[in-house]
Amino acid sequence: MKQGGENDLHTLEQRIAYDLSCLAYPSRNWIPKRHYNGKIVSNVVIVGGGQSGVALALNLRGECVNNVIIIDRNPQGREGPWRAFARMHTLRTPKHVTGPDVGIPSLSVKAWWEAKYGVESWRTMDRIPTDRWAEYLVWLRNVVGIHVQNNTEAHDIQPLEGGLLAVYTRKTNQAGYNTENPKVLFTRNVVLATGIEGSGQWIIPDLIRKNISKGLYAHTADAIDFTCLTGKRVAVIGAGASAFDNAAEALEHGATSVDLFVRRKTLPTVNPYRWMEYSGFLRHFGDLDDKNKWRFMRYLFAINQPPPQDTYLRVARYNNFSMHLGSPIENAGHDGLFKNTLWLQTPQGRTEFDFLIVGTGFKVDLGLRPECQRFSDMIALWADRYQPDKEEENAMLSSFPYMSSSFQFTEKEPNIAPYLKNIFSYTYASIPSLAASAGISALKFGMARLVGGITRELFQEDVDYHLNDLKSFNVKELTMIQK
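Given the structure is predicted, the values throughout are model-derived calculations rather than measurements.

(A) Structural context of unusual backbone geometry. Cis rather than trans, the peptide bond between Tyr25 and Pro26 has omega equal to -15°. Along the chain, the position of Pro26 falls in the loop between helix H1 (6-22) and strand E1 (34-36). Of note in the backbone geometry, Asn415 takes a positive phi value of approximately 70° without being a glycine. Secondary-structure assignment places Asn415 in the loop between helix H13 (395-398) and strand E19 (423-425).

If you want it as structure tokens, here you go:
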């Protein structure tokens, strides 16, 4: 039985080089170079160097789209959520998921795992450990030579004449805070691959934000030092997987007790997102008319999804864990001489805690994103494009941006912001329009639409160049024989 190891991994990497060489067609550089103010204009700037950003860059390379820049605000190796706030032990998706590999078997997570850990290890594994997935993504990026400019944050996008865009960036330090050295990148297209919160911001309910000191609570997406929760009474608000993950982390780090408060009277037990994982839906949802898109998404948003079974069992095995169903937070505040104790009020009564973790998700609002603030009020929302019947209204769905079939923002009114066709958002914002977005399961299908949209814009904008290039083409293939 193949055991795996460095030799096998080296052999796999040699195979990857061969496989890529077999698929190097067409290999012609077809995009003319552009300059602006004496500087080279990139064809694409990808904001976000996680799994989506790297997969996109690799897909674009396969279409001979060169001069692509990737930036990420995090340090190298910490792109995406996997080594930040993704606190589950394993991925939620099945282990046979594909996507970052761009359809090349030797680049798949299965090939990497078997080369490194052995065939039997892959066969007996249930789900991919989260830290191993992060390791795989770093390996994938390195083995294909994708470069990411780390510690670089985009904070503004400005439209310029000639259909170009200026992306204003600033450096971040290891803690993620802004430092000096601003820089501008000139580009023809921008892709926002900024993760699940890339279309808005994480939600802290006003009741918590206004009544409790920041040092006594954190969001599930924050950097939390769980070692400081040893011996503490911890409260968690939320019913999603991340709420349960954070509750488990607190328990595993020795919290005295963890109480999880759920607004719903019952937890859902069926995960509709597992149903979505088939080619028909993920590839062609974006081809449906608006009415049918709305019907699907309204149902999916209403029923929500449960925490995975292993996530639930991770907390259920602790006697000092309590889940309170039908317990919306009605009030919150401080107690104690030094205001270092907080309390939560629910219909079941008032309880005191030492620390609170908020798992109430995020909201979609492009005006909250610094890179989109300049033009957010010009972007069409679903409310601008589709009016459902009275009984099917949904304010949350209506607030999402109305995307093109290729993940482009669209104009609220004709001709007020034509440059929006060159700004693509591969984030959760595209869920109602395209279903395929950001997550691992849909990566394979979303990339096809996204890459097609980028190459279409690049070709159409240069149509005169290509026509003139055709007219000047004079490479002869035929030589007549004189008799």
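Now that the structure has been shown, the text picks up again.
(B) Structural context of the packing of helix H7 (residues 241-252) against helix H11 (residues 309-316). At a closest axis distance of 9 Å, the pairing of H7 and H11 adopts a crossing angle of 35°. Here H7 and H11 pass one another in a crossing that is left-handed. Here H7 contributes Ala241, Phe244, Asp245, Ala247, Ala248, Glu249, Leu251 and Glu252 to the contact with H11, which in turn contributes Thr311, Tyr312, Arg314 and Val315. Here the residues of the contact of H7 with H11 are counted per class, giving seven nonpolar, one polar and four charged.

(C) Region of the structure containing the sheet that holds strand E12 (residues 257-261). The strand order E10-E17-E11-E12-E13 describes an open sheet built from five strands, whose pairing is parallel. On the outer flanks of this sheet lie strand E10 (217-219) and strand E13 (321-324), each paired with one strand and no other. Ignoring strand direction, the axes of neighbouring strands in this sheet form an average angle of 20°. Of the strand pairs in this sheet, strand E11 (residues 233-237) and E12 are connected by five bridges, and their pairing is parallel. Residue pairing in the sheet places Val236 in a bridge with Leu260 of E12. Helix-sheet contacts for H7 involve E11, E12, E13 and strand E17 (355-358), and the interaxial angle to E12 is about 170°.

(D) Examining H7 more closely. Taking 1.5 Å per residue as the helical rise, H7 with its 12 residues ought to reach 16 Å, and the 16 Å between its terminal C-alpha atoms agrees with that figure. By the criterion of burial, H7 is predominantly enclosed, with 10 of the 12 residues buried. In this structure, the buried residues of H7 make contact with E11, E12, H11, E13 and E17. Note on H7: the residue one or two positions beyond its end, Gly254, has a positive phi of about 90°.

(E) Spotlight on the environment of Arg28. With respect to the helices and strands, the residue Arg28 is situated in the loop between H1 and E1. Each C-alpha atom, one on Arg28 and one on Ile481, is 31 Å from the other, the two residues being 453 residues apart in sequence. The contacts of Arg28, once residues within four sequence positions are left out, are Cys64 and Asp469. For Arg28, the side chain forms a polar contact with the side chain of Asp469, separated by 2.8 Å.

Cut-off values and rules
Residues numbered from 1 in each chain as written. Predicted model: local features only at pLDDT ≥ 70, side-chain atom pairs only at ≥ 80, totals over all residues. Heavy atoms only, no water. Helix = DSSP H or I, 4+ residues; strand = E, 2+ residues; numbered from the N terminus. Axes fitted to C-alpha atoms, helices over the stretch in contact; angles between N-to-C directions. Left-handed = near helix turned anticlockwise from the far one by under 90°. Contact = heavy atoms within 4.5 Å. Nonpolar A, V, L, I, M, F, W, Y, C, P; charged D, E, K, R; others polar. Pairing = 2+ DSSP bridges. Expected span 1.5 Å × (residues − 1). Buried < 20%, exposed > 50% of the residue type's maximum accessible area, 1.4 Å probe, protein only. Polar contact = N/O pair within 3.5 Å; in protein donor to acceptor, adjacent residues only side chain to side chain.

Just geometry here; none of it tells us what the structure is for.
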